[in-house]
Amino acid sequence: MSAVKPVLSPLTRCALETEAHVASEGWGQAPRLFALARSGELLRAQPALAAVLGDIDPDEYSAIEQEDAIVGDDLEKALGHTAWPDDVEGVALAVERIIVPPSAQTDTFGTRGSTTERLASHAEREDVRLLVAALRGGEIITLVRRRAEDSDDKVAIGTNIAPGLVDALKATLAG
């Protein structure tokens, strides 16, 4: 008996493909920003891409990486200065984070070093990669890949996982 596959939205499929692309380059990456456009519109605007993209569904989304869009460590500042033209229907951001249990704040209070250093060296720390994607129409999706279970079939999918990042991405689309 074959496994039942869930029906995924075009945004979710694009997010999963984009996250797998980012994951193929390993851990320790800087944040990566992608513009999302309907594949059909992208091919109409740039017919030469047909040779690269091959036979694709025009209603699906394509992610176009915005190299050098995020310079330095100030992700908030970079997103605050980002705006998209009308033909960009959405945006996706891949970013690595460290998560720790709530007790970690208490465990490390008063110890030496910066908060980031203390949490990064905490025994219960966990490395994750988030890929947050948002469309102008309001649809959002967040993917989480845990370094401890670094496999495409172990990526968690949710909508309210990283509300701060979702709000920041939505703000880049407003206007």
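What counts as what
- Residues numbered from 1 in each chain as written.
- Predicted model: local features only at pLDDT ≥ 70, side-chain atom pairs only at ≥ 80, totals over all residues.
- Heavy atoms only, no water.
- Phe/Tyr/Trp six-rings, centres within 6.5 Å; stacked < 30°, edge-to-face > 60°.
- Lys NZ or Arg CZ within 6 Å of the ring centre and 35° of its normal.
- Helix = DSSP H or I, 4+ residues; strand = E, 2+ residues; numbered from the N terminus.
- Expected span 1.5 Å × (residues − 1).
- Buried < 20%, exposed > 50% of the residue type's maximum accessible area, 1.4 Å probe, protein only.
- Arc of directions from axis to C-beta.
- Salt bridge = Lys/Arg side-chain N within 4 Å of Asp/Glu carboxyl O.
- Pairing = 2+ DSSP bridges.
- Contact = heavy atoms within 4.5 Å.
- Axes fitted to C-alpha atoms, helices over the stretch in contact; angles between N-to-C directions.

Draft legend 1. Highlighting the packing of aromatic side chains. All chains considered together, the criterion is met by 0 aromatic pairs. When the ring centre of Trp27 is taken as reference, the NZ or CZ atom of Arg129 above it lies at 4.2 Å.

Draft legend 2. How the structure looks around helix H1 (residues 10–23). Between its first and last C-alpha, H1 extends 20 Å over 14 residues, near the 20 Å set by a 1.5 Å rise per residue. Within H1 the residues assigned to the buried category are Leu11, Thr12, Cys14, Ala15, Thr18, Glu19, Val22 and Ala23. Summarising the axial view, the buried residues of H1 lie within an arc of 165 degrees, below the 170-degree limit, and thus occupy one face.

Draft legend 3. View of the environment of Gly40. Secondary-structure assignment places Gly40 in helix H2 (residues 39–45). By relative accessible area, Gly40 is classed as buried at 4%.

Draft legend 4. Structural view of the pattern of salt bridges. The final tally for this structure, using the stated rule, is 14 salt bridges. A salt bridge links Arg129 to Glu96; its shortest N-O distance comes to 3.4 Å. Note that Arg129 is positioned in strand S4 (residues 126–135) and Glu96 in strand S3 (residues 90–99), a separation of 33 residues in sequence. Salt bridges sharing partners connect three or more residues here, namely Glu19, Glu96, Arg129, Arg145, Asp150 and Asp152.

Draft legend 5. Expanded view of the pairing of S3. Where strand S1 (residues 32–38) meets S3, 5 bridges bridge the pair, whose relative direction is antiparallel. Directly across from Leu33, in S3, lies its bridge partner Leu93. Across 10 bridges, S3 lies against S4 in antiparallel orientation. Following the sheet pairing, Gly90 is matched in S4 by Leu135.

Draft legend 6. Focus on helix H7 (residues 163–173). For H7, the complete set of buried residues consists of Leu165, Val166, Leu169, Thr172 and Leu173. The buried residues of H7 all sit within an arc of 120 degrees when viewed along its axis, so they share a single face. Across H7 from its buried face, at more than 90 degrees, point the exposed residues Gly164, Asp167 and Ala171. Looking at the buried side of H7, the elements it contacts are S1, helix H4 (75–80), S3, S4 and strand S5 (140–146).

Draft legend 7. Geometry of the sheet that holds S3. Reading across from one edge, S2-S1-S3-S4-S5-S6 is the order of the 6 strands in this open sheet, with antiparallel pairing throughout. Edge positions in the sheet fall to strand S2 (61–65) and strand S6 (156–158), since each has one partner strand and no second. Across the sheet, the mean angle separating the axes of adjacent strands is 25 degrees when strand polarity is ignored. Across the sheet, H1 touches S1, S2, S3, S4, S5 and S6, and the angle it forms with S5 is around 30 degrees.

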